[in-house]
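Reading the structure
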Amino acid sequence: MNNNDVVIRLRYALSLSNQEIEEMFKLGGVTVSDSDLDRILTRQEKDQSHDAALSNHDLEAFLNGLVIKKRGHRKDKNGQVVPATFDMRNAKLVNNVTIKKIKIAMAYTSDDIQELLKLAGDHISNGELSAILRRPDHRNYREAGDRYVRKLLAGMSKKYRG
């Protein structure tokens, strides 16, 4: 799944305008021009790399902006704003981090994610979901395939767009 597909599908599922998408990128620390946004919101050819139109860093900046927009800035115990993390260090982590950030932004529980996957015609066990949401250095960590991100976004579309 291409990085820009995630933005395109989230845009559809959450009925986001171009201005809201630009705002989320800005909240995440990345400024995008109108031409950049047009490139991001255009489907890529299948033979291109997953990050040809949108880098992993920029995708994560957008997801961080989504978290900030939906939940506000994270603060420490002293009330100071904690900067967002960038965890997509390599291509293998993209799907797992995407699922985690969507879960945080939308305040989903594991049951909510399972329900969304069910709406899209898929199923995931509690153990498998737990393994996907773990840190990469945990012994029970499991890489999430494109299928889970695709189905999660499809379930969100069905839930919010009917």
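To start, this report covers the structure provided alongside it. All values derive from a computational prediction rather than experimental measurement.

Next up on the list: the pattern of salt bridges. Applying the stated criterion across every chain yields a total of 7 salt bridges. Two residues, Glu-23 and Lys-69, come together in a salt bridge whose shortest N-O distance is 3.5 Å. Taken together, the residues span a long stretch of sequence, with Glu-23 in helix H2 (residues 18-27) and Lys-69 in helix H4 (residues 56-71) at a distance of 46 residues. As a salt-bridge pair, Arg-142 and Glu-128 come within 2.4 Å of each other at their nearest N and O atoms. A residue pair is termed long-range when its members are at least 10 positions apart, and Arg-142 in the loop between helix H7 (126-133) and helix H8 (146-161) and Glu-128 in helix H7 qualify at 14 residues. Overall, the relative accessible area of 37% leaves Arg-142 in the partly exposed class.

Here the focus is helix H5 (residues 94-105). If you check H5, its first and last C-alpha atoms are 16 Å apart, about what 12 residues at 1.5 Å a residue would give, namely 16 Å. Burial of H5 is extensive: 9 of the 12 residues sit out of reach of the surface. Of all the positions in H5, only Val-94, Asn-95, Asn-96, Val-97, Thr-98, Ile-99, Lys-101, Ile-102 and Ala-105 are classed as buried. The inward-facing, buried residues of H5 abut helix H1 (3-14), H4, H7 and H8. Positive backbone phi, at 55°, marks Ala-107, one or two positions downstream of H5.

Our next topic: the packing of aromatic side chains. The full count for this structure, using the stated rule, is 1 aromatic pair. Ring geometry for Phe-25 against Phe-62: centres 5.2 Å apart, planes inclined by 45°, an arrangement best described as tilted. With Phe-25 in helix H2 and Phe-62 in helix H4, this residue pair connects regions lying 37 residues apart in the sequence. Judged by relative accessible area, Phe-25 falls into the buried class, the value being 0%.

This part takes up the packing of helix H6 (residues 110-119) against H8. The contact between H6 and H8 brings their axes to 7 Å, and the two run at 85°. Taken together, the axes of H6 and H8 lie roughly perpendicular to each other. Along its contact with H6, which presents Ile-113, Leu-116, Leu-117 and Leu-119, the element H8 presents Tyr-148, Lys-151, Leu-152, Gly-155, Met-156, Lys-158 and Lys-159. Classifying every residue of the contact of H6 with H8 gives 7 nonpolar, 1 polar and 3 charged.

With respect to the element layout, Asn-2 can be found in the segment before H1. There is a polar contact of 3.5 Å between the side chain of Asn-2 and the side chain of Gln-44. With sequence-adjacent residues up to four places away left out, Asn-2 is seen in contact with Gln-44, Glu-45, Gln-48, Ser-49 and His-50.

Positive phi values are uncommon outside glycine, yet Ser-15 reaches one of about 50°. For Ser-15, the position within the fold is in the loop between H1 and H2. Classification of Ser-15 by relative accessible area gives partly exposed; the value is 48%.

Attention now goes to the layout of surface pockets. Of the voids in this model, the largest pocket is the one considered here, and its volume is about 560 Å³. Together, 23 residues line the largest pocket, and Asn-64, Arg-74, Thr-85, Lys-101 and Ile-104 are the ones closest to its centre. Elements with a minimum of two residues in the lining of the largest pocket: H4 and H5. Looking at which element gives the most residues to the lining of the largest pocket, the answer is H5, with 5 residues. Here the residues of the lining of the largest pocket are counted per class, giving 11 nonpolar, 5 polar and 7 charged.

Cut-off values and rules
- Residues numbered from 1 in each chain as written.
- Predicted model: local features only at pLDDT ≥ 70, side-chain atom pairs only at ≥ 80, totals over all residues.
- Heavy atoms only, no water.
- Salt bridge = Lys/Arg side-chain N within 4 Å of Asp/Glu carboxyl O.
- Helix = DSSP H or I, 4+ residues; strand = E, 2+ residues; numbered from the N terminus.
- Buried < 20%, exposed > 50% of the residue type's maximum accessible area, 1.4 Å probe, protein only.
- Expected span 1.5 Å × (residues − 1).
- Contact = heavy atoms within 4.5 Å.
- Phe/Tyr/Trp six-rings, centres within 6.5 Å; stacked < 30°, edge-to-face > 60°.
- Axes fitted to C-alpha atoms, helices over the stretch in contact; angles between N-to-C directions.
- Parallel < 35°, antiparallel > 145°, perpendicular 65-115°, else oblique.
- Nonpolar A, V, L, I, M, F, W, Y, C, P; charged D, E, K, R; others polar.
- Polar contact = N/O pair within 3.5 Å; in protein donor to acceptor, adjacent residues only side chain to side chain.
- 1 Å grid on protein atoms, 1.4 Å probe; cavity = no way out; pocket = protein on both sides within 12 Å on 5 of 7 lines; lining within 4 Å.
- Points joined across faces, edges and corners; volume = space filled by probe spheres on them.

Any link to function would need more than the numbers given here.
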